[in-house]
Structures are given as C-alpha cells and as structure tokens.
Amino acid sequence: YNPSVAGLRSIMARQGGALYALAFLPWGVLGPLNVIKLLLNKVSPMAHFWVPKETEQCQAACGIARMWATLFWSIQFVWAIAFVYVHFNRDQVGLIYFGMASKIVVGALLLKAYVAGVVLWPIGLAGAGCEWLFVLLFALDLHMCDHTPKPNPGKGGKRGA
C-alpha cells in the first residue's frame, strides 16, 4: 500500500470526469468558430496571432485547402463531443484510447507545421503541448481509476447479453 498512490487515485477518481469535460474546451470552442470562418471564407481578426499572413491568404485563395481545413475542424469538434460523452460514461475505455491516439497525431502535426513555418508558436508549440498533456492525463486516469464496465444484474450479469 502506497499512500501517495492511494491519494492520487482518490483525486483522479473524483476529478477524472472533469478532465474529460475540460478536454472539450479547446476543440469544442475553436472547431465551430473555424468552420463558420471557413464557410464564410473570412479572415479571422485574430489570425495574425496564430498563423503567418501567407498561410491565411493561401487558405482563402484555395478551395481544396478550405475543404481540408473544414474537415479537420469538424472532426476535432466531433472529438470534443466524444469527450463530453466520456465525461458521463466513464467506462468508454476504447473511446479514451482512440482519443489519445488522435491527440498524439494532432500534436505531432501541429509541431511539424510550426517547424515548417505554417503556424506560429501558440498553435505549433502550445497547441501540441496541450494535446500531449491531455494524453498524459488520460493515461494517468486510465491507470489510476477503474474504468471497467460494471455487470448489468438484470441481464444475467453479462454486459450486452
């Protein structure tokens, strides 16, 4: 018995649900706003903080770039909604693992875009760091908390039976 692990387990059990609700915020807010911006083909008034001018002009001039960006933002919004679902249904371990894999990939691609000069540091470094921080917190939550599905006694004790 390790009291520090037991204490951490207790904190994660109490706060783990809030973790998944918090994971909604970055993409749950930015996703719809960027989809609207893309559909209207308007430059964001804050774009100069996030991307070089050339990147914004390139996206505005290229329909296929807008299509892929719309697809990206839409999928990120779907993931944000999935984390709200996990907030209320903590036994969705497969969804948590798949979300972690998505965050690893998105973080790596944000970092790559920063290195290539496509995005500025708030997206390329802070964005990637935020994605990977959630991966670590999700992994810690999975390790520390019991996410196994509970048997349904009304169905013979077997899940899905």
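About the criteria used
- Residues numbered from 1 in each chain as written.
- Predicted model: local features only at pLDDT ≥ 70, side-chain atom pairs only at ≥ 80, totals over all residues.
- Heavy atoms only, no water.
- Helix = DSSP H or I, 4+ residues; strand = E, 2+ residues; numbered from the N terminus.
- pLDDT = per-residue confidence, 0-100.
- Contact = heavy atoms within 4.5 Å.
- Buried < 20%, exposed > 50% of the residue type's maximum accessible area, 1.4 Å probe, protein only.
- 1 Å grid on protein atoms, 1.4 Å probe; cavity = no way out; pocket = protein on both sides within 12 Å on 5 of 7 lines; lining within 4 Å.
- Points joined across faces, edges and corners; volume = space filled by probe spheres on them.
- Polar contact = N/O pair within 3.5 Å; in protein donor to acceptor, adjacent residues only side chain to side chain.

### Some thoughts on the environment of valine 78
Relative to the elements of secondary structure, valine 78 occurs in helix H4 (residues 63-88). The spatial distance from the C-alpha of valine 78 to the C-alpha of tryptophan 27 is 8.7 Å, given a sequence separation of 51 residues.

### Re the confidence of the model for the protein
Low-pLDDT stretches of the model should not have their predicted coordinates read in fine detail. Residues of the protein with pLDDT of at least 70 account for 80%, and the chain-wide mean is 86. Looking across the protein, the model is least confident in helix H1 (residues 3-40), with a mean pLDDT of 79, and most confident in helix H5 (residues 93-115), with 97.

### A short note on the environment of tryptophan 50
Locating tryptophan 50 in the fold gives a position in helix H2 (residues 47-50). Spatially, the C-alpha atoms of tryptophan 50 and proline 122 are 6.2 Å apart, while their sequence positions differ by 72 residues. Discounting residues that sit within four places of it in the chain, tryptophan 50 has contacts with Val119, Leu120, Pro122 and Ile123.

### Describing the environment of phenylalanine 83
Relative to the elements of secondary structure, phenylalanine 83 occurs in helix H4. Using a relative accessible area of 2% as the deciding quantity, one classes phenylalanine 83 as buried. For phenylalanine 83 and leucine 22, which are 61 residues apart along the polypeptide, the C-alpha to C-alpha distance reads 8.5 Å. With residues near it in sequence (within four places) discarded, phenylalanine 83 still touches Tyr20, Ala21, Ala23, Gly99, Lys103 and Phe138.

### Topic: the layout of surface pockets
The volume enclosed by the largest pocket comes to roughly 1300 Å³. Lining the largest pocket are 36 residues, with Val51, Phe72, Trp73, Val119 and Ile123 sitting closest to its centre. Taken together, the elements giving at least two residues each to the lining of the largest pocket come down to H1, H2, helix H3 (53-61), H4, H5 and helix H6 (121-144). Per-element tally for the lining of the largest pocket: the top contributor is H1, with 8 residues.

### Description of the side chain of threonine 70
Inspection of the secondary structure puts threonine 70 in helix H4. Owing to a relative accessible area of 18%, threonine 70 belongs among the buried residues under this scheme. Of the polar contacts made by the side chain of threonine 70, one reaches the backbone oxygen of arginine 66; its length is 2.7 Å. Setting aside chain neighbours within four positions, we find threonine 70 in contact with Val35 and Leu38.

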